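Each chain, letter by letter, is given below.
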Amino acid sequence: MTTIDTRPVAAGAAGDSATAPALGSVSGFFAAFAGWLTTTDHKKIGRMYTGFGLLSLLAGAVLGAVLGLEKAASDALVDSGVLLQLFQGYRVVLVFGALLPLTVGLSVAIAPLQLGARSIAFPRVALTGFYSWLGGMALTLAALLRNGGAGGGNEQAVDLFLVGHGLMMLGLLASAGCVATSVLTTRAPGMTMRRVPLFAWSSLVGSLGLLLVLPVGFGTIIYLLIDHRIGISANFGGSEGIGAWISFLYTVPAVIAFAVPAVGVAAELIPVTFRTRQAMRGVKFAGIALVGVAALSAVTRQFLFPVTIDTDQTFQAFVEDLVPFLVFAGVPLLGLVIAMGLGALTAKQGLQHDKPAVSPGFVFAFLGLLMIGLGILGNAVQSITDLELIGTSFEEGATLYVVYGAAIMVLGGFVFWAPKLWGVVLPTKAVLPLALLGSLGTVLAAGSLYVAGLLDAPGGIPTNEIAVQAVLDTSYSARAQLLAILSALGHALVAITGLAFAGLLMKTVRSGDAADANPYHGHTIEWMASSPAPEHNFEHVPTVASAEPQFDLTYEGTRA
């Protein structure tokens, strides 16, 4: 174990108000802009990731609303020539544009602080990863605008679509590798792996999941690009076959693995809210790690391990189906149940000593955790072939529950760690309704698709015009049209939530009062730093004697 020790900013450096250009001047603006572009401060890198992720969440929710209205409308609202690209852009923006940068960005920003490090491991690699992801996202969207993507008619744009995916994956892999290395090697003196904070642990599990899943996707992209360039479409199905090969990246169980750091936000906030230590901490670690088993399911390229409950089949055939189903679909669900159960046990222990201090960040995290739980449960349910949910909109509902649930939990992380990132506390009365609004939107957007899937509404990611028309067809049922409208309304509420949260955050950062060092009475060592945390995080790297050093100072002494 080591601790990265960067030098504090010297007096009279660029950040010194006595020598730096005034922020209101043109030179001051460009100096600040250049400082962000070339920063090695992990908190700024994480904020850039999450800022673009929040923007993508807004765009993805708007696309979801448009496509939902398109399903419900009797006449076409959008030109049929662009619907194929809209469906693919909707998934790309939600997963690679919103979910991954939000979870990776929060890990980059907060995990090194929780570890007591003065910097993230390989900060320039983390920054390069951000630019690679951003460039890849721009290329991917540009390719879709030029009739690229799976089934696209522009051959060069199809190639650009694949290249953009490769760049996004390389960037996310670079940043995830920096987070994993930080947790393993840059901990404060005295912080063993058993004392690692819960969010930092979930960041490690999530990063390792990315390091398992994305290389498989990157290798697939290389095969597809070579095949498409030389025109041997019989091997991979040409441009239309691209969707079948990479669609595993945009659905459950892969998105469950991508959302693991978000689960750590709730794990971090429950002990803080109920003012007690985390019960059975080692088992909690195991529960979060079990959720990450979803990465193994994605790596196998088998989205589902179906099981049939049929009395006519032999016991041996039933067991052969049941075992992989339980391992790859049941274990992530079991891990979440363990994490939630230990959270409830922690809450019970805390209530025996004191009243809970419910913060808006906890409300975000709690509701988001419920949404993710519904998504993981849906991932397991759709694998039961007797229900005939495979190929229906049920899959999209499970994916949305995970993506939007993780986004809500990341917003809760913003609320909780806003003092360390921006030096402010978000107003409770203004931010709390957004947690309820976002959760309501998620239930409408994803829950309506669950019900539609039970009614045999077609789903999936279309790769040709025929598949697009099949997904849009709701003429068979008036209930299907109503469910499509409710889903579109849910997407709209999520978009409003993201927009309102961004506006409230910017307003508070510009005009809010300065925050105390530990306004929420957090338990871990990032709350020993000032608010906002300086570029080098700590003037003196703290020595850790327990898993909750701030809790020892805040509560344990007074209770004794």
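Residues numbered from 1 in each chain as written. Predicted model: local features only at pLDDT ≥ 70, side-chain atom pairs only at ≥ 80, totals over all residues. Heavy atoms only, no water.

### Some points on unusual backbone geometry
Our working definition: Numbering of helices and strands runs from the N terminus; a helix is a DSSP stretch of H or I covering at least four residues, while a strand is a stretch of E covering at least two. Three labels apply to residues, based on accessible area from a 1.4 Å probe with only protein chains included: buried if under 20% of the type maximum, exposed if over 50%, partly exposed otherwise in between.
In this chain, V252 is followed by P253 through a cis amide linkage whose omega measures 5°. By the element assignment, P253 lies in the loop between α8 (238-246) and α9 (254-258). Here the residue pair S531 and P532 is connected by a cis peptide bond, since its omega of -5° sits within 30 degrees of zero. Note that P532 resides in the loop between α18 (478-511) and α19 (549-559). Although it is not a glycine, N147 sits at a positive phi angle of roughly 65°. Assignment of secondary structure puts N147 in the loop between α4 (123-145) and α5 (155-185). A relative accessible area of 33% places N147 in the partly exposed class. At R275, a residue that is not glycine, the phi angle is positive and equals roughly 55°. In this fold, R275 is placed in the loop between α10 (260-273) and α11 (281-291).

### Concerning the side chain of S203
Basically, it comes down to this: We call two N or O atoms a polar contact when they sit within 3.5 Å, provided that within protein one can donate a hydrogen and the other can accept it, with sequence-adjacent residues counted only if both atoms are side-chain atoms. Contacts between residues were defined by any pair of non-hydrogen atoms, one from each residue, lying within 4.5 Å.
Structurally, the position occupied by S203 is in helix α6 (residues 198-230). In this structure the side chain of S203 is engaged in a polar contact, spanning 3.0 Å, whose partner is the side chain of S107. Excluding residues that lie within four positions of it along the chain, S203 makes contacts with S107, A111, V179 and P261.

### Digging into the pattern of salt bridges
Our working definition: Salt bridges are defined by distance alone: a side-chain nitrogen of Lys or Arg within 4 Å of a carboxyl oxygen of Asp or Glu.
Throughout the structure, instances matching the rule amount to eight salt bridges. R229 is the salt-bridge partner of D159, the closest N and O atoms lying 3.0 Å from each other. With D159 in helix α5 and R229 in helix α6, this residue pair connects regions lying 70 residues apart in the sequence. Classification of R229 by relative accessible area gives exposed; the value is 61%. A salt bridge links E548 to R281, with the shortest nitrogen-to-oxygen separation between them at 3.6 Å. On the criterion of sequence distance, the pair formed by E548 in the loop between α18 and α19 and R281 in helix α11 is long-range, its members being 267 residues apart. What makes E548 buried here is its relative accessible area of 7%. Counted as one network, the salt bridges with shared partners bring together R277, R281, E548 and D552.

### Overview of the packing of α6 against α11
Using the following cut-off: The axes used here are C-alpha line fits, helices contributing only the stretch in contact, and every angle between their N-to-C directions lies in the interval 0 to 180 degrees. Convention used here: angles under 35 degrees read as roughly parallel, angles over 145 as roughly antiparallel, angles from 65 to 115 as roughly perpendicular, and any remaining angle as oblique. Crossing chirality is assigned from the near helix's rotation relative to the far helix, an anticlockwise turn below a right angle marking it left-handed and a clockwise turn marking it right-handed.
Viewed as axis vectors pointing N to C, α6 and α11 meet at an angle of 30°, and their least axial separation amounts to 10 Å. With respect to α11, the axis of α6 lies roughly parallel. In the crossing of α6 with α11, the sense of the turn from one axis to the other is right-handed. On α11, the residues that touch L198, W201, S202 and V205 of α6 are R281, K284, F285, I288 and A289.

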